[in-house]
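One-letter residues, chain by chain:
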Amino acid sequence: MGRFSSKKKTYAQRNPAAAGQYAMLTPAQKQILDDFSYREHKNLRAIDRSAMQRIAEEYVIPNAMGKSEKQIKLDAQRLYAAAVRTLQHSEITTNVSAKIFTIDDFYNGDEVKTIWTVKTGKPHNYNLTRQTVEERAFGFKIDWNVPIRQAAMTRPVYAGLNFTRHPYGAAVAYGSVVLVYKPQVLLRSTFIHTDTFDHSLNFANADETELELQRNKICTYAQMGTLIVNMSNNQLKALMQATEGNYVVTDHPPNYLEAHILGGARWSRDLAEIRVALTGQSTLDREAGVAKRSLATMKYLISEFAKKHGVPAMIYNRDQIVEVLNA
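Residues numbered from 1 in each chain as written. Predicted model: local features only at pLDDT ≥ 70, side-chain atom pairs only at ≥ 80, totals over all residues. Heavy atoms only, no water.

J.: Pulling in residues and values, what's your account of the overall build of the protein?
T.: Of the regular secondary structure elements, the protein holds 14 helices and 9 strands. Dimensions of the protein, computed from the C-alpha atoms along their principal axes, are close to 60 × 55 × 35 Å. Looking at the protein as a whole, 50% of its 327 residues are labelled buried. Summarising the internal contacts of the protein: among those between residues at least 6 apart in sequence, 78% fall at separations of at least 24. (Helix = DSSP H or I, 4+ residues; strand = E, 2+ residues; numbered from the N terminus. Buried < 20%, exposed > 50% of the residue type's maximum accessible area, 1.4 Å probe, protein only. Contact = heavy atoms within 4.5 Å.)

J.: Quick one: what's the story with the packing of aromatic side chains, residue by residue and with numbers?
T.: Under the criterion given, the structure shown has 10 aromatic pairs. With a centroid separation of 5.2 Å and an interplanar angle of 80 degrees, the aromatic rings of Phe-101 and Phe-106 are classed as edge-to-face. Relative accessible area serves as the criterion here: at 2%, Phe-101 is assigned to the buried category. Judged by relative accessible area, which is 12%, Phe-106 ranks as buried. With a centroid separation of 5.3 Å and 10 degrees between ring planes, the pair formed by Phe-106 and Phe-305 is classed as stacked. With Phe-106 in helix H6 (residues 104-107) and Phe-305 in helix H14 (residues 295-308), this pair connects stretches of sequence that are 199 residues apart. With a relative accessible area of 0%, Phe-305 lands in the buried category. Grouped by ring-pair contacts, the aromatic residues Phe-101, Phe-106, Tyr-107, Tyr-181, Trp-267 and Phe-305 constitute a single cluster. (Phe/Tyr/Trp six-rings, centres within 6.5 Å; stacked < 30°, edge-to-face > 60°.)

J.: Tell me about the packing of helix H5 (residues 69-88) against helix H11 (residues 233-244), and name the residues and values.
T.: For the pair H5 and H11, interaxial distance at closest approach is 9 Å and the crossing angle is 90 degrees. Judged by the inter-axis angle, H5 sits roughly perpendicular to H11. Note on element contacts: H11 touches H5 through Leu-239, Met-240, Ala-242, Thr-243 and Glu-244, opposite Arg-78, Leu-79, Ala-82, Ala-83, Thr-86 and Leu-87. A per-class count over the contact of H5 with H11 returns 7 nonpolar, 2 polar and 2 charged. (Axes fitted to C-alpha atoms, helices over the stretch in contact; angles between N-to-C directions. Parallel < 35°, antiparallel > 145°, perpendicular 65-115°, else oblique. Nonpolar A, V, L, I, M, F, W, Y, C, P; charged D, E, K, R; others polar.)

J.: I'd like a rundown of unusual backbone geometry, residues and numbers included.
T.: We note that Arg-165 has phi near 55 degrees; this positive angle belongs to a residue other than glycine. Looking at where Arg-165 falls in the secondary structure, it is placed in the loop between strand S2 (157-162) and strand S3 (177-181). Exposure remark for Arg-165: the relative accessible area of 46% places this residue in the partly exposed category. In this structure, Arg-318 is a non-glycine residue whose phi angle is positive, near 55 degrees. Summarising the element assignment, Arg-318 is placed in the loop between strand S8 (313-317) and strand S9 (320-326). In this structure Arg-318 comes out as partly exposed when scored by relative accessible area, which is 36%.

J.: Which residues make up the nonpolar core, and what values do they have?
T.: Among the nonpolar cores identified, the biggest contains 62 residues, and Ile-92, Ile-228, Ile-274 and Ile-302 are the most heavily contacted of them. Ranked by residue count, the leading element in this core is H5, at 7 residues. With residues up to four places along the chain from it excluded, the contact list for Ile-228 reads Ala-51, Arg-54, Ile-55, Tyr-80, Ala-83, Val-84, Leu-87, Leu-236 and Leu-239. With 21 residues, the next largest nonpolar core counts Tyr-22, Ala-137, Phe-140 and Leu-211 among its residues. (Core = buried A, V, L, I, M, F, W, Y, C linked by side-chain atoms within 4.5 Å.)

J.: Provide a residue-level description of the pairing of strand S6 (residues 257-261), including the pertinent values.
T.: The buried count for S6 comes to 5 of 5 residues, which makes it a mostly enclosed element. Burial along S6 is two-sided: Leu-257, Ala-259 and Ile-261 and Glu-258 and His-260, pointing in opposite directions, are all buried. Inspection of the sheet shows S2 paired to S6 by 5 bridges, in the antiparallel sense. Among the inter-strand pairings, Ala-159 is bridged to a residue of S6, identified as Ala-259. Both strand S4 (residues 189-192) and S6 contribute to a ladder of 4 bridges, which runs antiparallel. By the bridge assignment for S6, Ile-192 is matched with Glu-258. (Pairing = 2+ DSSP bridges.)

J.: Can you break down the side chain of Thr-243 residue by residue, with the values?
T.: For Thr-243, the position within the fold is in helix H11. When its relative accessible area of 18% is taken as the criterion, Thr-243 is described as buried. A polar contact of 3.1 Å, which involves the side chain of Thr-243, links it to the side chain of Thr-86. Of note is the side chain of Thr-243, whose polar atom sits 2.8 Å from the backbone oxygen of Leu-239. Excluding residues that lie within four positions of it along the chain, Thr-243 makes contacts with Leu-79, Ala-82, Ala-83 and Thr-86. (Polar contact = N/O pair within 3.5 Å; in protein donor to acceptor, adjacent residues only side chain to side chain.)

So, in C-alpha cells, the structure goes:
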C-alpha cells in the first residue's frame, strides 16, 4: 500500500462531525486527511498508551504524594482524556505584524496568502526546499497541467494551535496581531508538535524509514494524542496546566503546536476575532513605529478591517482587555 494511496474509509467516514469541512476540499486535500486518519486508526492503541505513560511519568508521578499505582494509572487516564479535549477545543491562530494592515493587498484581500500565492522575496532555494518538504510530508506534487495559482491554493496554510488560548496567540514572534479562526477550521487541518520545516524533522532529506516515522508525528483533529507523545516538556507542562485550569498567562506563550489548514483560509468565512498584544515579544506600539504610522492610525486600520469582516477586535495586556477597537 503506497504512502498516499486510497484507504477503505475516509477521514469524514471516521469523523462524521467533520463531513461538512471535508466536503469543501479538493480530492488531493481529502486524500491527505484520509491518509493521516488511516495512520491514526492503525496506531490508535499505541498512541494512547504512549501519551498516557508520558503524562504519568512527567506529570502525575512527580505529584503523586503516596498514591497507589492504580490511582496513578487512573489519574493519567483522566488527564489524558481531558488534555485531548483541551487540544480539540484550542484555537487556531495566525500572528501578523500590524504593519501588514498598511499593505493594500492584505488589507483589501480575503485569502490568507502562502509563498505560492504572493511574492515573499525569499531565495529560490527556499521555495525548492518548501516544495520538497510539502511533497514528502503531505504528498503535494507539482502538476504543470494545472494553472500555478490554482495549484497554489491547494497548499496548506500554516498557523499555530493556541492550546493555552493565550490572548497573544500561538506564535508571538510573528507579530502582535492575533487573527483567530473559527472552530470548524480545526476539522480540516492537520497538526504537528513543532515547525514542519524544523531541521530536526528532516522531511526534505529523510530516507524512507525515517520519513515514515516523521509522518506518524502528524495528526488530525481526531487523534491529538499524537501531539502529547511528541511535544516538548515545556509544552506538556503548559498543556497540563491549561487542562487543569491553573495556567498563568505571561508575556510569553509556550512554543506553538503547528496547524496545517487545508482548503485555504478566508477572512470572510473563517475569521472569528482579532486580538492585539500590548506587551511581550511583539507589540502594537513597536510595529506602528516600524510602519511609520501613528498608534491611532494602526488602531483605526485594525478596527476597520475587523468591522469589514464582522468580528470583534480588542487590545490585551496579558489576559486583560484594555481597549475595545470593534465590538
